Every structure is written in C-alpha cells, then in structure tokens.
Amino acid sequence: MTSGIVDLRAEPAGRVQTAAYYAVRDLGPGESVILLTTAAPELLMASLNLQLRDAVAWQVERDTVGWRTTVRRRADTAPSGVIDLLVRDHRRLDELLAVALRRVNANDLAGARPLLAEFAAGIARHLRAENDVLAPLLPAVVAADGADHVGIMLREHDEILAHLEQVEAALGEDAPEPWEVEPFVAILSGTLAKHEHREESNLFPRWQGALNAPAPDVAGELFDAVRRALS
C-alpha cells in the first residue's frame, strides 16, 4: 500500500524538513510515501529519523531531476544489520517500560507486573547480546578524549540491573502501594533512556565501522548470533 508521492522540490529550503516530517510521521502498517527532493536526502532522512525515534526506514534513488526516497515504517522492514537489531530492541524495551510506568501511575500494579516481567527478560537478553556476543569480538572503542565507550557501556549495564533489582524488590514487598513502586520504575526508565542515548551516539557508530570491515560471512555470523541472543 502506498500513501502517495510528496513533491518537495518547490518547497523553500527552510521548509523541506518540516514538510517531509508531516508527510511521513503518520505512516501506518504497510504504507509508504515517496519524497521527491532536489538535494541528496541523506541528512534530511537522518534528521527525520532522529525526530521519529528510528521509526522509519528508506531507500534512495537518483532520477533525472533529483532524488526519490521511498519511506516506510521500520517495523515493516527487515533489520539491516547488527546495530539495527540493537536499536530496534532499544525501542521495544523503551515502550514496555513506558507502558508499565503509565500503569503504575494509574494505580494499576496488576497491569504493570507482566510488562515489567517481560521487560526484565528482554533487558537480560539485550545485555547478554552486547556484553557476551559483541563486546568480546569487536575492537575496544576509545574516543579521542580517552573515554572507554565499551567500559562505560558495561558499567551502565550493571547500573540498569541494579535499578531493576530495586523495582523487583519494591514489587516483592507484601501488598505494595503504587506510590512505593513508582519512583524505582521512573529512575530505571530515566537511567535506561540516558544509557541508550549515549550508546547510540558514541558506541554504536564506532561498532558499525568495525562491523563494516569483516568479510560478509563474518558479519552474517555476528548478525545471526545477536538475533539468536535477542530472540
């Protein structure tokens, strides 16, 4: 199903991104939209994807008068590689925790419990993929300022698990009140969000560079290993 073609070639340069945002933000399952632009769309799409929390995927074609960019929901496309798998899992875990927190705030601990249990199982799989599959095989990542991004990741993983233990301990109390549980879930949510931002901004681009270097069969084996770990 195609939503149509949006011609941005006549838009003033300062309005192209806004017009593109409104064209793609409400894409439904199975839908796509084609953006026509006079300039190469890579920066435009990267910015849109940041605004939309990695919710879109796209393919770019050059034609005689500019570029055609076909945009779909990322959920309707297959993962493109290891980093895409990890980012998609970040978004899934974010949503689980956000819904659980809303349930707690609505005094619905019974509704929050299965979501938090699913989150706990999912974060355990996710950390196993990063800690045990990727970190030992990919090069250590040290920034120009000396920051050890892998070491930071591992330390923050321990912090996330410690906050999760606090949530589980609060839930394990005899007949806990929602207001007793909410602060721990909120802290966990904030810690996770900050960690994911740092990971996606600092570590993942460098890991992607390392993943681009191996022979295709090696990259394919890593992709399969991470997919199994997350399943």
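For the structure itself, look to the data block above.
From a predicted model like this one, the values you see are computed outputs, not experimental measurements.

Peer 1: Tell me about the packing of helix H4 (residues 109-134) against helix H5 (residues 149-172), and please be specific about residues and values.
Peer 2: For the pair H4 and H5, interaxial distance at closest approach is 11 Å and the crossing angle is 160°. Regarding the angle of H4 to H5, the classification is roughly antiparallel. Relative to H5, H4 is oriented so that their crossing is left-handed. Along its contact with H4, which presents Leu109, Arg113, Leu116, Phe119, Ala120, Ile123, Leu127, Glu130 and Asn131, the element H5 presents Met153, Leu154, His157, Ile160, Leu161, Leu164, Val167, Glu168 and Leu171. Grouping the amino acids of the contact of H4 with H5 by side-chain chemistry returns 13 nonpolar, two polar and three charged.

Peer 1: I'd like a rundown of the sheet that holds strand E2 (residues 32-37), residues and numbers included.
Peer 2: Strand pairing in a sheet takes place through backbone hydrogen bonds and is either antiparallel or parallel in direction. Taken in spatial order, the four strands line up as E1-E2-E4-E3 in an open sheet, and their pairing is mixed. Among the strands making up the open sheet, the edge pair consists of strand E1 (4-7) and strand E3 (56-63). Strand-to-strand twist across the sheet, computed as the mean angle between neighbouring axes with direction ignored, equals 20°. Of the strands in this sheet, E2, E3 and strand E4 (66-73) are in contact with helix H2 (residues 42-51), which crosses E3 at around 165°.

Peer 1: An account of helix H1 (residues 16-24) is requested, with residue identities and associated values reported.
Peer 2: Among the residues of H1, Val16, Ala19, Ala20 and Val24 are the ones counted as buried. What you see down the axis of H1 is that its buried residues fit within an arc of 120°, all on one side. Structurally, H1 contributes buried residues whose contacts are with E2, H2 and E4.

Peer 1: Run through the packing of aromatic side chains, naming residues and quoting values.
Peer 2: Enumeration over the complete set of coordinates arrives at two aromatic pairs. Ring geometry for tyrosine 21 against tyrosine 22: centres 5.4 Å apart, planes inclined by 75°, an arrangement best described as edge-to-face. The class of tyrosine 21 is partly exposed, set by a relative accessible area of 22%. Of note, arginine 62 hangs over the ring of tryptophan 67, and the distance from its end group to the ring centre comes to 4.0 Å.

Peer 1: Before we move on, could you go through unusual backbone geometry and cite the residues and values that matter?
Peer 2: One non-glycine residue, asparagine 107, lies in the positive phi region at around 65°. Asparagine 107 sits in the exposed class, given a relative accessible area of 60%.

Peer 1: So what's going on with the nonpolar core? Residues and values would help.
Peer 2: Ranked by internal contacts, the top residues of the largest apolar core, which has 24 residues, are Leu97, Leu116, Phe119, Ile123, Val185 and Leu188. Listed by contribution, the elements that provide at least two residues to this core are helix H3 (82-105), H4, H5 and helix H6 (178-212). Aside from chain neighbours lying at most four places away, what touches leucine 116 is Leu97, Ala100, Val167, Leu171 and Val185. In this structure, Val82, Leu85, Met153 and Val226 belong to the second largest nonpolar core, which totals 22 residues.

Peer 1: For the packing of H5 against H6, give the residues involved together with the corresponding values.
Peer 2: Packed helices, taken two at a time, are described by the angle between their axes plus the distance between the axes. Where H5 contacts H6, the axes come no closer than 9 Å and their chain directions differ by 165°. Regarding the angle of H5 to H6, the classification is roughly antiparallel. H6 is crossed by H5, and the crossing has left-handed handedness. Among the residues making up the contact of H5 with H6, the classes are represented as 15 nonpolar, seven polar and five charged.

Peer 1: Give a detailed account of the pattern of salt bridges, specifying residues and quantitative values.
Peer 2: Applying the stated criterion to the full structure yields 15 salt bridges. Between glutamate 11 and arginine 15 there is a salt bridge whose closest N-O contact spans 3.5 Å. Assessed through its relative accessible area of 46%, arginine 15 is described here as partly exposed. Put simply, arginine 92 and aspartate 89 hold a salt bridge, and the shortest N to O gap is 3.1 Å. Residue arginine 92 and its partner aspartate 89 are located together in helix H3, separated by three residues, close to a single helical turn. Assessed through its relative accessible area of 30%, arginine 92 is described here as partly exposed. Among the charged side chains, a network of salt bridges with common partners joins Arg53, Asp54, Arg91, Asp94 and Glu200.

Peer 1: Can you break down the side chain of threonine 191 residue by residue, with the values?
Peer 2: Tracing the backbone shows threonine 191 in helix H6. A polar contact of 3.5 Å, which involves the side chain of threonine 191, links it to the side chain of histidine 163. Each residue touching threonine 191, except ones within four places of it in the same chain, is listed here: Ile160 and His163.

About the cut-offs
Residues numbered from 1 in each chain as written. Predicted model: local features only at pLDDT ≥ 70, side-chain atom pairs only at ≥ 80, totals over all residues. Heavy atoms only, no water. Axes fitted to C-alpha atoms, helices over the stretch in contact; angles between N-to-C directions. Helix = DSSP H or I, 4+ residues; strand = E, 2+ residues; numbered from the N terminus. Parallel < 35°, antiparallel > 145°, perpendicular 65-115°, else oblique. Left-handed = near helix turned anticlockwise from the far one by under 90°. Contact = heavy atoms within 4.5 Å. Nonpolar A, V, L, I, M, F, W, Y, C, P; charged D, E, K, R; others polar. Pairing = 2+ DSSP bridges. Buried < 20%, exposed > 50% of the residue type's maximum accessible area, 1.4 Å probe, protein only. Arc of directions from axis to C-beta. Phe/Tyr/Trp six-rings, centres within 6.5 Å; stacked < 30°, edge-to-face > 60°. Lys NZ or Arg CZ within 6 Å of the ring centre and 35° of its normal. Core = buried A, V, L, I, M, F, W, Y, C linked by side-chain atoms within 4.5 Å. Salt bridge = Lys/Arg side-chain N within 4 Å of Asp/Glu carboxyl O. Polar contact = N/O pair within 3.5 Å; in protein donor to acceptor, adjacent residues only side chain to side chain.

On their own, these measurements won't tell you what the molecule is for.
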